Amino acid sequence: PADAETVFLVMSQVLFHPFVAGLVLAAVLAAIMSTISSQLIVCSSALVEDLYKLVAHKRGLRPLSDSAYVRFGRIGVLAIAVIAVLLALSPSNSILDLVAFAWSGFGSAFGPAIILSLFWRRFTTAGALTGIVVGAVVAFAWGQSSLNAHLYGIVPAFATSFTTAIAVSLMTARSDPDVIDAEFDEATALARAPPP
């Protein structure tokens, strides 16, 4: 076929009986719908449970009712769905390119923060936030440039995020080093403990 991404669908129509080909196409559609619904729910949950509650807690705002959280979640799902539709309207991008671009951003933004938080006791909140922002920005800029054809964007973005997170962590002081060291040591001991 002219579009390489449809080869599985075209082959199923050519090789199988129409009834079996219909089942194959329905299975592909079901997998797509299942993935979309779970991703929308995760994004909605992250917006409400993580971002809003964190901001509300830091600013001393009173918690909202359950119905308000549901309403915010639905608004988040709608906003993310609209963004997804706008991204899908671009005919020049293939699904594989979009997935690679998204994973480049996720990996370079959150990868260094996760690794450093697990293995480096001097890692700070400011270092984590700066590394996440820098990784995401570099991955986005690299993915939009012509350099992406020569080197996958996660490589420079990950390196930049990792370096920035370390530099900012070294420049910022931790609020209570003794407590953080105790928590780090406790988490390390739990990770090294033999399974029950």
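Structure's up top.
Residues numbered from 1 in each chain as written. Predicted model: local features only at pLDDT ≥ 70, side-chain atom pairs only at ≥ 80, totals over all residues. Heavy atoms only, no water.

Visitor: Help me understand the nonpolar core in this model?
Guide: The tendency in soluble globular proteins is for nonpolar side chains to be buried as a group. Listed in full, the 5 residues of the largest apolar core are Ala113, Leu116, Phe123, Ala128 and Ala165. What alanine 165 contacts, discounting residues up to four positions off in sequence, is Leu116, Phe123, Gly127 and Gly131. (Core = buried A, V, L, I, M, F, W, Y, C linked by side-chain atoms within 4.5 Å. Buried < 20%, exposed > 50% of the residue type's maximum accessible area, 1.4 Å probe, protein only. Contact = heavy atoms within 4.5 Å.)

Visitor: Would you explain the layout of surface pockets in this entry?
Guide: The gaps left among the atoms become clear once a water-sized probe is rolled over them. If you add up the space inside the largest pocket, you get close to 2200 Å³. Lining of the largest pocket is provided by 44 residues; of these, Leu87, Leu98, Val99, Ala102 and Phe106 occupy positions nearest its centre. Secondary structure elements with two or more residues in the lining of the largest pocket: helix H1 (7–15), helix H2 (18–59), helix H3 (66–88), helix H4 (95–119) and helix H5 (125–144). Each residue belonging to the lining of the largest pocket can be placed in one class, and the counts come to 31 nonpolar, 11 polar and 2 charged. There is about 210 Å³ of room inside the second largest pocket. Looking at the second largest pocket, the residues that line it are Ser117, Leu118, Phe119, Phe184, Ala187, Thr188, Ala191 and Arg192. (1 Å grid on protein atoms, 1.4 Å probe; cavity = no way out; pocket = protein on both sides within 12 Å on 5 of 7 lines; lining within 4 Å. Points joined across faces, edges and corners; volume = space filled by probe spheres on them. Helix = DSSP H or I, 4+ residues; strand = E, 2+ residues; numbered from the N terminus. Nonpolar A, V, L, I, M, F, W, Y, C, P; charged D, E, K, R; others polar.)

Visitor: Just to check I follow, could you spell out the packing of H1 against H2 for this structure?
Guide: A pair of packed helices is captured by two measures, namely the crossing angle of their axes and the spacing between those axes. Relative orientation of the contacting elements H1 and H2 amounts to 160°, with a least axis distance of 8 Å. Judged by the angle between their axes, H1 and H2 are roughly antiparallel. Crossing of H1 over H2 shows right-handed handedness. Side by side, H1 and H2 meet where Phe8, Leu9, Ser12 and Gln13 of the first sit next to Ala21, Val24, Leu25 and Val28 of the second. Within the contact of H1 with H2, the residues separate by chemical class into 6 nonpolar, 2 polar and no charged. (Axes fitted to C-alpha atoms, helices over the stretch in contact; angles between N-to-C directions. Parallel < 35°, antiparallel > 145°, perpendicular 65-115°, else oblique. Left-handed = near helix turned anticlockwise from the far one by under 90°.)

Visitor: Is there a simple way to think about H3 in this case?
Guide: Between its first and last C-alpha, H3 extends 33 Å over 23 residues, near the 33 Å set by a 1.5 Å rise per residue. Those residues of H3 lying buried are Ala68, Tyr69, Gly73 and Gly76. (Expected span 1.5 Å × (residues − 1).)

Visitor: Looking at this model, I keep getting lost on the packing of aromatic side chains. Mind explaining?
Guide: Geometry of an aromatic ring pair is reported as the spacing of the ring centres plus the angle between the planes. Tallying each qualifying case throughout the model produces 5 aromatic pairs. On the numbers, 6.5 Å between centres and 25° between planes, the contact of phenylalanine 106 with phenylalanine 110 is stacked. Within this pair, phenylalanine 106 and its partner phenylalanine 110 are both found in helix H4, separated by 4 residues, close to a single helical turn. Residue classification places phenylalanine 106 among the partly exposed positions, given a relative accessible area of 46%. Centre to centre, the rings of phenylalanine 158 and phenylalanine 162 are 6.0 Å apart; their planes meet at 20°, and the pair counts as stacked. Here the residue phenylalanine 158 and the residue phenylalanine 162 both occupy positions in helix H6 (residues 154–171), the gap between them amounting to 4 residues, near one helical turn. The exposure class assigned to phenylalanine 158 is partly exposed, which follows from its relative accessible area of 26%. Through a chain of ring-to-ring contacts, the aromatic side chains of Trp103, Phe106 and Phe110 assemble into a single cluster. (Phe/Tyr/Trp six-rings, centres within 6.5 Å; stacked < 30°, edge-to-face > 60°.)

Visitor: Can you walk me through the packing of H2 against H3 in this structure?
Guide: It is the contact of H2 with H3, at a shortest axis distance of 8 Å, that shows an interaxial angle of 125°. Between H2 and H3, the angle falls in the class oblique. With respect to the hand of their crossing, H2 and H3 are arranged in right-handed fashion. Residue-level contacts link Leu40, Cys43, Ser44, Leu47, Val48, Tyr52 and Lys53 of H2 to Tyr69, Phe72, Gly73, Arg74, Gly76, Val77, Ile80 and Ala81 of H3. Considered class by class, the residues forming the contact of H2 with H3 number 10 nonpolar, 3 polar and 2 charged.

Take it as geometry only, folks, not as evidence of what the structure does.
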